[in-house]
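# Structural characterization, general
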Amino acid sequence: MNVIGLGRVGLGMIGLVGGKAAGLGELIGAGERVPEGFCVTTDVQDSGRDGGGMTAGLRAEIADAYGELGAGAVAVRSSATAEDLPDLSFAGQQETFLDVSGADEVIDAVRRCWESLWNERAVAYREAHGVDHASVRMAVVVQRMIDAKVAGVLFTADPVTGSRSRMTVDAAPGPGTAVVSGTVVPDHYVMDKQVPTVSGGGCLGTAHLEELRAAGLRIERHFGSPQDIEWAIDSDGVLWILQSRPVTGLFPLPPDAGRPLPRVYLNFSPAQGMHRPFTPMGMSVMKMTMAAWWEALGIGDGIDPIDGPEGIVEVGGRIFADATRYVRSRAARGYLVKTMRIEGPGVEAALDRVLRDPRFRPRLGLPVSPRSVVRFMVRLCPSVVAGIARTLARPDAARARAFQTAERMRLDVRPPAGSATVDERLRFVGRAHAVLVNRTLVDTMLWPVYAGILAGEMPVRLLRGIASEGEVKTVLRGMPYNVTTEMDLKLWRLAAGAREHRDLLVDTPPAELAAMYRRGELPDIGLDGFLGEYGQRAAAEIDVGLPRWDEDPEPVFTAIANYLRVTDPEQDPDRRFAAAARAAEEKIDELVRRARPRRPVRARLAGFLLGRARAVSGLRELPKFVWTYALRETRRQLLLAGSELAGLGLLERPDDIMFLDFREARAAAAGTGMKELVASRRAVYERESRRRRVPDVLLSDGTDVGTLIRSASPGDGTLVGMPGAAGTVTGPARVIFDPSGARLEPGEILVAPSTDPGWTPLFMTAGGLVTETGGPNSHGPTVAREYGIPAVIGVAGATQVIRTGRRITLDGAAGTVLTERPTAAGRTDPAESGEVRAERKR
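Described in the following lines is the structure provided in the data block. (Residues numbered from 1 in each chain as written. Predicted model: local features only at pLDDT ≥ 70, side-chain atom pairs only at ≥ 80, totals over all residues. Heavy atoms only, no water.)

## Let's talk about the overall build of the protein
When helices and strands are counted, the protein shows 28 helices and 23 strands. Here the protein has a C-alpha radius of gyration of 30 Å; the compact-globule value for 842 residues is 28 Å, and the two agree. Dimensions of the protein along its principal axes, counting C-alpha atoms only, are 95 × 70 × 65 Å. In the protein, buried positions account for 54% of the 842 residues. Sequence separation of at least 24 residues holds for 70% of the intrachain contacts in the protein that already meet a minimum separation of 6. Split by element, the accessible area of the protein, about 35300 Å² in all, is 52% carbon and sulfur. (Helix = DSSP H or I, 4+ residues; strand = E, 2+ residues; numbered from the N terminus. Rg over C-alpha atoms; globule rule 2.2 N^0.38 Å. Buried < 20%, exposed > 50% of the residue type's maximum accessible area, 1.4 Å probe, protein only. Contact = heavy atoms within 4.5 Å. Areas by Shrake-Rupley, 256 points an atom, 1.4 Å probe, with all protein chains shown as cover.)

Written as structure tokens, this is what we have:
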């Protein structure tokens, strides 16, 4: 089929007519007023793409169809098969030609539309979004031109804030191309989706705004999702719909689950260093682990062991918690803000905005029943007090107990036999975390960790007026007994012992080195021993859907190459760590001496607490380290189960099981085919993996509250975050989204969305750390303090504002990042990506 009228096409014909034509056909079928037109289908794309190759028969068909439109002015527009889809708009990537008159001119415009499939911007767009060039076909839409008096774009959801409760309209006199292309400043209108418009202004009156609102509601309802609608109003005042496609880029809505609206959700993924989405199975395992934690803390009554605590939901692959009850509680809302303050100024500002929203007026009462509070206190408080007191009294014994428990729990991760069935493997997955996360772990690991945090925080108040918070925090540098720090230092020593192979390890891409290692083609540098001890670790390691280092050692080879680039002996991580430890011990003595003349009791107490902090704060990483053993074995059992299910034809390949949740995996084990579900889940996962901005505070209508907050930056090139690790450093930035294969030159300042222990090998040679998320006690700043590198956390948009190679100045005590440095002549110092130099002031 070469040419078809728009009234005869629909969404089921995208492969033949492309996304734009399919959408227009749907609109016509739904009764919307759409300009008449036809589509030159993808069947004839190749015959006309190369200029004179268009057949006489095709030219005649196009000319005849054009004549049936009245042979007047028409619009000729691309309609690619990957265009105007829910995930990809391809807006403006291919050509549109307006006011085309004459059959020959129309035919030429069709040809040029075909050619635009291969223009530079369209090719770059496809590559950026992982679209296979060979899979894309091009149809062309020809429609009668509308003599527009005013035209523009209607979004049935706010594309900036994400709110599904609002519509936005941009309008300008004349054809809508000026609005779409951004060459004019249009009149901008915001409408409540459910409330009739009461007033207009600019180039649109109230009646036309109301007509647009009603049309938007109809079209959104027809397609079942928010729509980006191009429209025009002709000289007779008639509204025409020129195009409708899904609004792309919106963050998904929270699940309804029958809860009354509106509601507030807090993003807890950053607290675990997770900016990327969880795989579905990774999220499922996280919920089971949370249920186990609740049970271990004595508050697990009524919690489903698979679905986890009520109010913990998945949105866009991230962990969100429904905080509505706390926001609406007069007694709890202040505590909520204080608790979330550690997640950064952006979170605090967004929560403050929510608290001022009249829809969330506070109510009397607690967010939970008084009986639940009493039960929680009775069960937990004696254990907390006893555990902290025992740790502060005998820190060495507490630390020894913690490591003994860790070893015992590692041995308790007992997988089923090699001949186990799929059901047996899934039973292991279902109970693995409940076995590991228990009251013993809480008593011997968790309370000592809290004791260390308390011992490190209290001296800040005790020494107020004598020492700054940054000086006190210096004591937390070079912290002993931290399993993550010890891991990184062992990897450094491994690299130092492999210097005779430097050229091979530095010049060969890490992915190639990993492949050579698996084939046994590398010299023995001791990597077997390192992976035997730490192979269960990885970036984003709390997601069982992602490979561990012993499966894919590419990130380890990346770190080794970075270490081998260190040429300044003073930058050796061993030396830096030892120097940080010495400075910390000396700082305790200095602070006590300074405080003793004025406040002798406080001086003695502060010295005692700081000593205890150094004795046990390193345990901070131990519970998660033990957990990684269970995560690795859980992943291994899931892959073995996936392999058997793939052999039965229920999955395509073993790791497909990671794109099912736990209940779905059990259904697959019972014989339900899951291939189509897995394919759709993989597509969603890939789309969410490309998302750069994720809301910290999300409303149930999709509003990203952070978009309503004006930047708190001073406007002089300074970005504001939170203090993470004291110290200042100036050097070139290196923006990294994934540590695998990431090159970080010695002294460069690492800028990342978030970090977890899998990132920390990069810290060893970094000059400083900047992250977009996290709190002072999250993994990134904790390890940064121990290495003695400055860190600023919670800097919203840091990876977008800062460019690799730009020199920045980081002040870890103030929580600021200066992105431009004026020179003596008053100019901005350009980025010096070739020079690697860090200036430290400690």
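## Some details on the sheet that holds strand β5 (residues 138–144)
Read across the sheet, 5 strands follow the order β1-β2-β5-β3-β4 without closing on themselves; strand pairing throughout is antiparallel. Across the chains shown, the open sheet's two edge strands, defined by having one partner strand only, are β1 (3–5) and β4 (96–100). The mean inter-strand angle of the sheet, taken between neighbouring strand axes irrespective of direction, is 20°. The pairing of strand β3 (residues 74–80) with β5 spans 7 bridges and is classified as antiparallel. Directly across from V74, in β5, lies its bridge partner R144. Against the sheet, helix α1 (residues 14–29) touches β1, β2 (37–40), β3 and β5, its axis set at about 125° to β3. Along the sheet face, helix α3 (residues 56–68) touches β1, β2, β3 and β4 and points at about 165° away from the line of β2. (Pairing = 2+ DSSP bridges. Axes fitted to C-alpha atoms, helices over the stretch in contact; angles between N-to-C directions.)

## Quick look at a positive patch on the surface
Residues K338, R461, R464 and R602 make up a contiguous surface patch of positive charge. With respect to the helices and strands, R602 occurs in helix α23 (residues 600–616). Note on R602: relative accessible area 36%, which makes it partly exposed. (Patch = residues over 30% accessible without salt bridge, like charges linked within 9 Å, V, L, I, M, F, W, Y side chains within 5 Å. Salt bridge = Lys/Arg side-chain N within 4 Å of Asp/Glu carboxyl O. Lys, Arg positive; Asp, Glu negative; His and termini not counted. Charge placed at Lys NZ, Arg CZ, Asp CG, Glu CD.)

## Some thoughts on unusual backbone geometry
One non-glycine residue with positive phi stands out, namely A71, at about 60°. For A71, the position within the fold is in the loop between α3 and β3. Using a relative accessible area of 43% as the deciding quantity, one classes A71 as partly exposed.

## Brief notes about a nonpolar patch on the surface
On the surface, a nonpolar cluster with roughly 240 Å² of combined accessible area is contributed by L366, V373 and M377. Structurally, L366 can be placed in the loop between α11 (345–355) and α12 (370–393). Residue classification places L366 among the partly exposed positions, given a relative accessible area of 48%.

## Description of the sheet that holds strand β7 (residues 166–173)
Pairing in this open sheet of 5 strands is antiparallel, and the strands run β8-β7-β6-β9-β10 from one edge to the other. Unpaired on one side and paired on the other, β8 (187–192) and β10 (239–246) mark the two borders of the sheet. When strand polarity is set aside, the average angle formed by the axes of neighbouring strands in this sheet is 20°. Each of β6 (148–155), β7, β8, β9 (227–234) and β10 touches helix α7 (residues 206–223); the most contacted strand, β9, lies at about 140° to it.

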